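Here are the chains, one letter per residue:
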Amino acid sequence: MNKSNRRSVLRTIGQSALAGGALVAGGLAPARADAAERATTQTAQSQAAMTPARALQLLKAGNERFAESRMFDHDLPFERRATAAGQYPLAAIVGCIDSRASNELIFDQSIGDIFSTRVAGNYIDEGVLGGLEFACVLSGAKLILVVGHNDCGAVRGACDDVMLGNLTRTLDNIRPAVAAVDGFQSDRSSANPDFVQAVAEENVMLSMERIRTNSPLLRAMELNGEIGLQGGMYDLASGRVTFL
Ligand SMILES: [Zn+2]
């Protein structure tokens, strides 16, 4: 069966399952071995059974599928219908606005699987923190993942101390990471990719620190083991996330 036929068959299976009410039982798991590549969506049941470690494992597995070009078959209309009545995401991901680093795509997640926050330079401020508290305290997400990436324009701008309109304020959130990276005395500009990478990694660590420091709610959940907090760096060329 070629890939196109296979997709069509899988889609048909998905539609029958929906029509037959299999959805209600959280039973979106593939019923047949050959449907294993079909994406599922998170349900109230799957979220209730989720742990921080399992959520991280699922994101790691999704990124491996993406990097190895063996993503699940996503029937987006099916996923939309399956999640329209409620959302039960497993994680909240804070990433960059970079056009090449979509959280859903690089972790091969379905509609309804993750809360996705994207801001230039994946920094944490009050607005982002409020969203994360909504995701974890009120909506049951079990993991917060902060993901930076290589060759980040926002990080490069902070390294070069760029001042431009509102971007100046945006980069103010990243400048502490620049200051926190020692060394690289020969070239501490965006022309030095090693320096830019070191700052991007430091920026992820500072973002995690800001979550812990500025959100007592999330910090308490982390200490109680109700949520996990993890950092990572995405590589634009390989598609792989290295977990920090
Ligand atoms: Zn970026």
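All values reported here derive from a predicted model rather than from experimental measurement. (Residues numbered from 1 in each chain as written. Predicted model: local features only at pLDDT ≥ 70, side-chain atom pairs only at ≥ 80, totals over all residues.)

**Focus: the pairing of strand S1 (residues 91-95)**
For S1, the buried fraction is high: 5 of the 5 residues fall into the buried class. Burial along S1 is two-sided: the residues Ala-91, Ile-93 and Gly-95 and Ala-92 and Val-94 are all buried. Examined bridge by bridge, S1 and strand S2 (residues 114-118) share 5 bridges and lie parallel to one another. Considered in S2, the bridge of Ala-91 is made with Ile-114. One ladder, built from 3 bridges, connects S1 with strand S3 (residues 143-149); its direction is parallel. Opposite Ile-93, over in S3, you have Leu-145 as the bridge partner. (Buried ≥ 20, exposed ≤ 12 C-beta atoms within 10 Å, placed from the backbone. Helix = DSSP H or I, 4+ residues; strand = E, 2+ residues; numbered from the N terminus. Pairing = 2+ DSSP bridges.)

**Some thoughts on the nonpolar core**
If you look at the biggest cluster of nonpolar residues, it comprises 52 residues, and the most contacted ones within it are Ala-91, Ala-92, Cys-136, Ile-144, Val-155 and Val-199. Sort the elements by how many residues they give to this core and helix H10 (residues 193-214) lands first, with 9 residues. Here Ile-144 is in contact with Ala-92, Leu-132, Cys-136, Ile-211, Ile-227 and Leu-229, once residues within four sequence places are set aside. (Core = buried A, V, L, I, M, F, W, Y, C linked by C-beta atoms within 7 Å. Contact = placed C-beta atoms within 7 Å.)

**Some thoughts on the confidence of the model for the chain**
Per-chain confidence: the chain averages 89 in pLDDT, with 85% of residues scoring 70 or above. Long-range and interchain partners of residues 1-27, a stretch whose pLDDT sits below 50, account for 24 contacts in this model, where long-range means more than four residues apart. Residue range residues 30-36 is modelled with pLDDT below 50. Its contacts to residues more than four positions away, or to other chains, number 5 contacts. (pLDDT = per-residue confidence, 0-100.)

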